[in-house]
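# Working through the structure, step by step
Residues per chain are reported as follows:
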Amino acid sequence: MPKAILIDTTRCTACRGCQVGCKEWKDLPPVATKQRGTHQNPPDLGPYNFKLVRFAEHMEADGTVKWNFFPDACRHCIDAPCKSGASIEGSIIQDEATGAVIYTEKTAKEDFETIKSSCPYDIPRKDPKTKRIVKCDMCIDRVRANLLPMCVKSCAMGAMSFGERADMLKLAATRLVAVQKEFPKAQLCDMENVSVIYLVADDPKKYHKFAVADASDAMKGAPGMTRKEMLAGVFAPLRKATKQMQG
Amino acid sequence: MQTATPEATSALRGIETALARALTELPALSPLLEAFGPLLAEQARLRQAAPGWTGPAITVDPDRFTQGAFVLAHTQVGGGFEDMSAQLPAAARTLLPVMAKSFPALAKEFSALGKAIKSGALSPQDLAATGFGERQPEVPGVSSETLAFAAAELVRPFVERQAQDLLALVRELPWRQTCCPVCGGAPNMSALRRVNEDDAFIQAHGGRRFLRCACCATEWTHKRVSCPGCGCEEPDELVVLRDPARQHERADACKRCKSFLLCLDTGELADTPDPDIAALTMLPLAIQAKEQGFKPLAEHPWSNL
């Protein structure tokens with residue numbers, strides 16, 4: 001049965017335990033960084049950072065400053081546009097048991113820009129050493145061994161929950177009702193389409209540009225499909241044929 | 001007191017899921033799992049359909065309870081679980097064939113027992129009393145050990161279902177004893193579970209410790225670093241036995257009173273296995289503990305295999 005992660009950002013204190021836990025478990029190398037006047041560090045997701053706690057400050061109309069935290073990573077879309085956009089068989093696969101979208105070593109031969117631009121959440125990154133396209137894999141090795149994904153395990157605030165999708169949807173609905181009592185604008189981000197569901201207390205745009213799917217180029221007459229997704233789907237067979245000809 | 005009572009349907013699903021996983025992970029234990037797995041699943045079905053506590057309402061005195069008087073101690077002298085003998089013949093019709101299939105060497109004895117129950121040679125009342133170890137009637141073609149085992153397993157689903165109702169009476173009351181808050185039984189299993197508290201504080205990764213009653217499967221919280229056998233809290237006296245390949249399974253042993261209790265550490269597990277199936281998979285650990293001179297606080301049906 002498909003799995004899901006619920007991330008309740010109202011409980012997140014931005015301790016970055018998930019970010020560090022992910023990096024430790026994946027044994028990813030350190031990256032050079034510098035102070036940019038924010039705790040968000042490194043500045044963005046990268047080939048060696050599959051999880052990043054984003055910090056977003058903004059001022060309310062009454063002059064109070066709000067600080068929102070958003071532990072960003074792959075959403076493991078139910079119908080993943082990146083998978084539809086892949087031109088090589090087996091480069092991007094979806095694990096049937098969990099629903100995890102997994103990038104294999106074959107992604108080294110994929111066109112990075114196509115895969116990146118097909119993602120409505122701006123997740124894929126390219127490893128300059130291996131040329132592979134990389135991202136969170138829902139800790140598929142751990143989940144298959146009946147262990148929690150590392151980010152969920154390391155969350156000290158109980159902001160992250162992992163389990164059967166049906167159970168997580170139920171939990172999400174319960175939490176939403178509770179949170180809306182204090183934050184009427186609270187909502188669940190794209191819960192119908194993704195396996196990593198975020199509960200935010202305010203307008204998602206106040207957390208991260210890509211907190212919800214980027215639908216700025218949504219196709220008229222094709223509800224639910226963005227131009228990126230449409231193009232990825234249309235050109236996938238062509239790219240596949242080209243790759244085959246190139247060997 | 002924090003308690004854990006799984007929903008009936010999820011309990012059955014949990015048994016089936018945990019059994020399938022255990023068979024894949026531990027093929028060496030497949031004879032054991034294939035014998036007791038179907039029995040546990042059938043008992044879960046019986047528990048689901050069992051009537052629960054239908055006896056007179058029990059008034060629990062919070063002060064007495066807090067001082068250690070478990071729920072059944074609040075009934076009249078000699079009181080215990082409600083008589084379930086009326087349900088036992090029907091339960092025997094479904095459970096004994098499963099047991100015969102699970103334990104082929106005892107199939108003839110289970111068949112003889114089934115006939116004795118059907119003919120009335122063994123009354124339901126005698127069967128229930130045998131299940132609680134109060135009587136030892138003679139049944140032709142059935143050894144006393146087989147009769148005791150079958151009767152105990154027939155009674156178990158009804159006891160567990162009644163305990164669920166009785167636990168509801170004391171769920172909000174504190175309980176610091178190492179015996180069961182419902183029936184006073186000793187624990188034969190424990191688990192460390194992360195409990196998602198609805199507050200804004202840092203949550204312990206290790207989780208709280210729940211003890212599980214060997215008699216009625218009630219679970220209740222108890223302090224983590226303490227021997228449930230003698231209360232010893234000396235770190236040098238408390239030993240944790242583990243198989244390095246299965247870190248989530250452990251036997252918490254005490255050098256002072258020489259007892260041990262199996263423990264499932266669920267803190268890192270994505271899917272928490274059913275406690276009975278988990279205890280089955282921990283049989284090698286229990287054997288290891290016994291070889292080192294420790295004794296279980298209470299046994300499982302398979303403990304002496």
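Residues numbered from 1 in each chain as written. Chains lettered and ligands numbered in written order. Predicted model: local features only at pLDDT ≥ 70, side-chain atom pairs only at ≥ 80, totals over all residues.

### So, the overall build of chain A
A count of helices and strands for chain A gives 7 helices and 10 strands. Relative to its full complement of 247 residues, chain A shows a buried share of 41%. Residue pairs in contact within chain A that sit at least 24 positions apart in sequence constitute 60% of those at least 6 positions apart. (Helix = DSSP H or I, 4+ residues; strand = E, 2+ residues; numbered from the N terminus. Buried ≥ 20, exposed ≤ 12 C-beta atoms within 10 Å, placed from the backbone. Contact = placed C-beta atoms within 7 Å.)

### With respect to the pairing of strand β3 (residues 65-72) of chain A
Residues and elements named next belong to chain A. Relative to β3, strand β2 (residues 52-59) is paired through 8 bridges, and the arrangement is antiparallel. The residue bridging R54 from the neighbouring strand is F70, located in β3. Two successive antiparallel strands, β2 and β3, enclose a turn made up of 5 residues, where G63 displays a positive phi of approximately 95°. (Pairing = 2+ DSSP bridges.)

### Some thoughts on the interface of chain A and chain B
The accessible area lost on association of the parts is a frequent measure of interface size. Every contact between the two is made by 9 residues of chain A and, on the other side, 8 residues of chain B. Residues belonging to the side of chain A that touches chain B are distributed by class as follows: 6 nonpolar, 2 polar and 1 charged. (Nonpolar A, V, L, I, M, F, W, Y, C, P; charged D, E, K, R; others polar.)

### Quick word on the domain arrangement of chain B
All names here are of chain B. Domains assigned within chain B are domain 1 (1-28 + 176-305) and domain 2 (50-167). Relative placement of domain 1 and domain 2: their C-alpha centres are 24 Å apart. Tallying the contact residues gives 14 residues for domain 1 and 13 residues for domain 2. Considering only residue class, the side of domain 1 that touches domain 2 consists of 9 nonpolar, 5 polar and no charged. (Domains from an automatic or database assignment.)

### As for helix α6 (residues 124-131) of chain B
Residues and elements named next belong to chain B. With respect to burial, α6 is a largely interior element, 6 of its 8 residues being buried. All buried positions along α6 are accounted for by P124, D126, L127, A128, T130 and G131. Tucked into the core, α6 has its buried residues touching α4 (88-102), α5 (107-119) and α7 (144-167).

### Comments concerning the nonpolar core
Of all hydrophobic cores here, the largest spans 79 residues; its most connected members are I15, L113, L154, V182, C183, C216 and L262 of chain B. It is α7 of chain B that provides the largest number of residues to this core, a total of 10 residues. When residues of this core are assigned to domains, at least three fall in each of domain 1 (1-28 + 176-305) and domain 2 (50-167) of chain B. The contact partners of L262 of chain B, leaving out residues within four places of it in the chain, are M189, S190, A251, A279, M282, L285 and A286 of chain B. Residues A86, V134, L188 and M191 of chain A belong to the second largest nonpolar core, which totals 62 residues. (Core = buried A, V, L, I, M, F, W, Y, C linked by C-beta atoms within 7 Å.)

### Side note on helix α1 (residues 17-25) of chain A
Residues and elements named next belong to chain A. Residues G17, C18, Q19 and C22 constitute the buried set of α1. Those residues of α1 that are buried lie in contact with β2, β3, α5 (150-154) and β8 (160-164). At the exit of α1 stands D27, carrying a positive phi of roughly 55°.

### Digging into the domain arrangement of chain A
All names here are of chain A. Domain annotation for chain A reports domain 1 (3-76 + 145-206) and domain 2 (81-138 + 215-246). Counting residues at the interface gives 12 residues for domain 1, matched by 14 residues for domain 2. Its residues assigned to classes, the side of domain 1 that touches domain 2 shows 6 nonpolar, 3 polar and 3 charged.

### A short note on the sheet that holds strand β10 (residues 196-200) of chain A
Residues and elements named next belong to chain A. One open sheet holds the 4 strands; their spatial order is β8-β1-β10-β9, and the pairing between them is mixed. Of all the strands in the sheet, the pair left with one neighbour each is β8 and β9 (187-189). Across this sheet, the average inter-strand angle for adjacent strands is 25°, counted without regard to direction. Pairing of β9 with β10, which is carried by 3 bridges, proceeds in the antiparallel orientation. (Axes fitted to C-alpha atoms, helices over the stretch in contact; angles between N-to-C directions.)

### Quick word on the pairing of strand β2 (residues 208-213) of chain B
Residues and elements named next belong to chain B. In terms of burial, β2 is a largely internal element, 5 of the 6 residues being buried. Where strand β1 (residues 187-193) meets β2, 6 bridges bridge the pair, whose relative direction is antiparallel. Counted as the bridge partner of R193 is R208 from β2. As paired strands, β2 and strand β3 (residues 219-222) are joined by 4 bridges and run antiparallel to one another. Bridge pairing links F210 to T221 in β3. Here β2 hands over to β3 after 5 residues, with A217 in that stretch at a positive phi of 65°.

### Re the environment of V170 of chain B
Residue and element names in this part refer to chain B. Within the element layout of this structure, V170 appears in the loop between α7 and β1. The class for V170 is buried, based on 23 C-beta atoms found within 10 Å. Spatially, the C-alpha atom of V170 lies 9.6 Å from that of T66, the residues being 104 residues apart in sequence.

### Quick look at the environment of C15 of chain A
Residue and element names in this part refer to chain A. Inspection of the secondary structure puts C15 in the loop between β1 (3-8) and α1. On the neighbour-count criterion, C15 (16 C-beta atoms within 10 Å) is partly exposed. Counting along the chain gives 115 residues from C15 to T130, while the straight-line C-alpha distance between them is 31 Å.

### A look at unusual backbone geometry
Cis geometry is found at the peptide bond from N41 of chain A to P42 of chain A, where omega equals 0°. Mapped onto the elements of the fold, P42 of chain A is located in the loop between α1 and β2. The phi torsion at H76 of chain A lies on the positive side, around 50°, for a residue other than glycine. Turning to its location among the elements, H76 of chain A is positioned in the loop between β3 and α2 (81-85). The exposure class assigned to H76 of chain A is buried, which follows from the 25 C-beta atoms found within 10 Å. Despite not being glycine, K258 of chain B has its phi angle at roughly 60°, a positive value. Counting through the fold element by element, K258 of chain B comes out in the loop between β5 (246-254) and β6 (259-265). Note on K258 of chain B: 13 C-beta atoms within 10 Å, which makes it partly exposed.

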